[in-house]
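# Coordinate analysis (summary)
Below, each chain spelled out in residue letters.
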Amino acid sequence: MQTAVEAHELRLMKEEKLRRLREHNEKHGRTRLQRQFDAMYGWQKEFCEATAEYYECCLMAANQIGKTYTGTSIDAMHLLGEYPDDYKGHRFDFPPMCWGLGFSMEKTRDLLQKALFGEFVNGEFTGGLIPRDKIVHRGWEGAGSVKNAMRTVRVKHAKGTSIMQFWSYSQGQHAIMGDLVDWAHIDEEPEDQEIRPQVLTRLINGDKGKGGRAIYTFTPENGKTELVLQFMEDPSEDQFFMNKGWNDAPHMTPEKRERQLKLYPDYQRDMRSKGVPMLGHGRIFELSEEFITIDPFEIPDHFWVIDGMDFGWDHPQARIQLVEDRDTGTVYVTRGWKARKQSANEAWGATKEWSEGVPTAWPHDGLQHEKGRDDAVMQKEHYRKAGFLMLDEHATWEEGGYSVETGLYLINDLMRKGKFKVFSNCTGWLEEFRSYHRDKHGKIVKQRDDELDATRIAFMMRRFSVQMGNRGINRRRFGVKRAL
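For the structure given in this document, a descriptive report is provided here. (Residues numbered from 1 in each chain as written. Predicted model: local features only at pLDDT ≥ 70, side-chain atom pairs only at ≥ 80, totals over all residues. Heavy atoms only, no water.)

A few words now on the pattern of salt bridges. For the coordinates displayed, the defined rule picks out 25 salt bridges. In this structure, the salt-bridge partner of D93 is K208, at a minimum N-O distance of 3.4 Å. Placement of D93 in the loop between α3 (67-80) and β2 (97-102) and of K208 in the loop between α5 (195-203) and β9 (213-218) is noted, with a sequence separation of 115 residues between them. For D93, a relative accessible area of 47% puts it in the partly exposed group. Of the charged contacts, one joins K446 and D453 as a salt bridge, the two residues approaching to 2.8 Å between their closest N and O atoms. Classification of D453 by relative accessible area gives buried; the value is 7%. Through salt bridges with shared partners, a single network forms among K446, D449, D453 and R456. (Salt bridge = Lys/Arg side-chain N within 4 Å of Asp/Glu carboxyl O. Helix = DSSP H or I, 4+ residues; strand = E, 2+ residues; numbered from the N terminus. Buried < 20%, exposed > 50% of the residue type's maximum accessible area, 1.4 Å probe, protein only.)

Below, the structure written as structure tokens:
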């Protein structure tokens, strides 16, 4: 029979074991944010980085690829005032007031609150991105009748105390009036289109008067709403838009994608798997992404190759590589690159590995002066000097002109015949493909079409292609001058 002394000693041993376990978990928690950032996909880190330059950043994405994970990771950094060494996004140098908004308080609890602070058990938080010892003891306030849902949680910031407040769209716009906010995370799109203007109003004087910032992480279940159309079709210079799907998330294996797609109605599949609203007849390329993609393969020497480019500065410049198997009449997009505010030399450094010795087709605006420079040299000459093998003349059809509609018709026709394929690792190209559409007047929406434009330009000038095995040989024969 156990004596009182033995029972006391056993209790002390258990308490010591629990203490050590708690210390281990809290130490583990302190490094979790860094480890989570390190494990992010490249596009997730790109989204983080965009918050440094843009006041509104929208991640419109497929289900289950990590959109909320991305947003709450940024939320946690701001609340703690602790940023990973290689984090390039916006930083607050003071404890910010942050908002997290969701469809209902149940949703904010289960998606945002849980990710940030973990489960709320026996009056304590545990298991979230914010370590328990960084949460101000009893520094939280409940959100009324929803069990364990919080309205406010206070966090020990590196320079004081930051605040996270949770709000639901079901409360309406009037519930979120009055406060000054530094950071807002809108998770899932509100059906009430008046919610966003109210949030933006609260942000006007945030971040010490410089203006607060907002991120949106959602799947476009409400279709082509005002918010979706603005980010997709007409973003301002302060807005950043990103669209990602299952193909951008390696954890969504082909087997998992195939199994999951069968569970959705046909009309929802693109929205669920690619994160695009149902565009209906407005889409320019109506075939499915799966129909045109192909696994990358080594290009044979007898295939013909040409690069295409679209100039840009404030909007991205883009380069693609187009390869043609003339025996079968099949055209492949095998490479792609785009970036904003990059010089010709920087573009060369990023693409030299596959651009060197390959003729480059370019649009007629290459005869203009390069944006961002004061000299009078035409854009195309900067690229020639950088190392690109620029064709002598801007892109035209063989019979003359450079009709956009002609290019779209011919490419669409090849797609339907199974003769136009895109390497599956050309993720930027495929992202543009998903949302390329016409507005209600039938006009092409000129947003996020940089790699598609470069493709059309290269396609137009295929007559100046060279064989892969002859890259850089007999340059004058192919209508190009030797690089200066």
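Inspection of the sheet shows strand β3 (residues 118-121) paired to strand β4 (residues 124-127) by four bridges, in the antiparallel sense. Looking at the pairing, F120 lines up with F125 of β4. Here β3 hands over to β4 after two residues, with N122 in that stretch at a positive phi of 50°. (Pairing = 2+ DSSP bridges.)

All right, on to the pairing of strand β10 (residues 239-244) then. Counting buried positions over the six residues of β10 gives six, a clear majority of the element. Side chains Q239, F241 and N243 project from β10 onto one buried face, and the interleaved F240, M242 and K244 project onto a second face that is buried too. Both strand β1 (residues 56-61) and β10 contribute to a ladder of six bridges, which runs parallel. Across the sheet, residue M60 finds its bridge partner in β10, namely N243.

What follows concerns the packing of aromatic side chains. This structure, assessed with the given rule, holds 26 aromatic pairs. Between the aromatic rings of F92 and W183, the centroid separation amounts to 6.4 Å while the plane-to-plane angle is 85°, which identifies the pairing as edge-to-face. Linking F92 in the loop between α3 and β2 with W183 in strand β8 (residues 183-187), this pair joins segments that are 91 residues apart in sequence. A residue is classified by how much of its surface remains accessible, and F92, at 5% relative accessible area, is buried. Residue W183 is classed as buried on the basis of its relative accessible area, which comes to 0%. What links up through ring pairs into an aromatic cluster is the set F117, F120, F125, W140 and F166. The aromatic ring of W167 is capped on one face by R151, whose charged end is 4.4 Å from the ring centroid. (Phe/Tyr/Trp six-rings, centres within 6.5 Å; stacked < 30°, edge-to-face > 60°. Lys NZ or Arg CZ within 6 Å of the ring centre and 35° of its normal.)

Moving on, we get to a negative patch on the surface. Taken together, E191, D192, E194 and E226 make up a surface patch of like negative charges. Position of D192 among the secondary structure elements: in the loop between β8 and α5. (Patch = residues over 30% accessible without salt bridge, like charges linked within 9 Å, V, L, I, M, F, W, Y side chains within 5 Å. Areas by Shrake-Rupley, 256 points an atom, 1.4 Å probe, with all protein chains shown as cover. Lys, Arg positive; Asp, Glu negative; His and termini not counted. Charge placed at Lys NZ, Arg CZ, Asp CG, Glu CD.)

A few words now on the environment of V136. Turning to its location among the elements, V136 is positioned in strand β5 (residues 135-142). Taking the C-alpha atoms as reference points, V136 and K156, 20 residues apart in sequence, are found 6.1 Å from one another. The contacts of V136, once residues within four sequence positions are left out, are R154, V155, K156 and T161. (Contact = heavy atoms within 4.5 Å.)

A separate point is the nonpolar core. Counting residues in hydrophobic clusters, the biggest one holds 54 residues, and the most contacted among them are F285, L322, Y383, M415, F420, V422 and W429. With six residues, the single largest contributor to this core is helix α14 (residues 450-460). Dropping the residues within four chain positions of it, L322 is found in contact with W304, V305, I306, V331, Y332, V333, T455, A458, F459 and R462. Counting residues in each nonpolar core, the second largest holds 49 residues, with L80, F117, V146 and M150 among its members. (Core = buried A, V, L, I, M, F, W, Y, C linked by side-chain atoms within 4.5 Å.)

Once that is clear, we can look at the layout of surface pockets. Quantified by volume, the largest pocket comes out at close to 1,600 Å³. In terms of lining residues, the largest pocket is bounded by 49 residues, among which E46, P316, K338, A339 and R340 are the most central. Elements that contribute at least two residues to the lining of the largest pocket include exactly α2 (42-50), β10, β14 (330-339), α10 (344-355), α13 (427-435) and α14. Within the lining of the largest pocket, the residues separate by chemical class into 15 nonpolar, 13 polar and 21 charged. Along its surface, the second largest pocket is lined by 19 residues, and N63, K67, L111, E188 and E221 are the ones closest to its centre. When contributions to the lining of the second largest pocket are tallied by element, the ones reaching two or more residues are α3, α4 (105-117) and α8 (269-274). Each residue belonging to the lining of the second largest pocket can be placed in one class, and the counts come to five nonpolar, seven polar and seven charged. (1 Å grid on protein atoms, 1.4 Å probe; cavity = no way out; pocket = protein on both sides within 12 Å on 5 of 7 lines; lining within 4 Å. Points joined across faces, edges and corners; volume = space filled by probe spheres on them. Nonpolar A, V, L, I, M, F, W, Y, C, P; charged D, E, K, R; others polar.)

Here the focus is the packing of α13 against α14. Relative to each other, α13 and α14 sit at 100°, their axes nearing to 8 Å. As summarised for this structure, α13 and α14 are arranged roughly perpendicular, according to the angle between their axes. Contact residues: G428, W429, E432 and F433 in α13; D450, E451, L452 and T455 in α14. For the contact of α13 with α14, the per-class residue count stands at three nonpolar, two polar and three charged. (Axes fitted to C-alpha atoms, helices over the stretch in contact; angles between N-to-C directions. Parallel < 35°, antiparallel > 145°, perpendicular 65-115°, else oblique.)

The subject of this paragraph is empty space enclosed by the protein. Taken as a whole and assessed by the stated rule, the structure comprises three cavities of 30 Å³ or more. Estimated volume of the largest cavity: approximately 50 Å³. Elements represented by at least two residues in the lining of the largest cavity include exactly α12 (404-416) and α14. By residue number, the principal contributor to the lining of the largest cavity is α14, which donates four residues. Tallied by class, residues from the lining of the largest cavity come to six nonpolar, one polar and two charged.

These results come straight from atomic positions and should not be treated as a statement about function.
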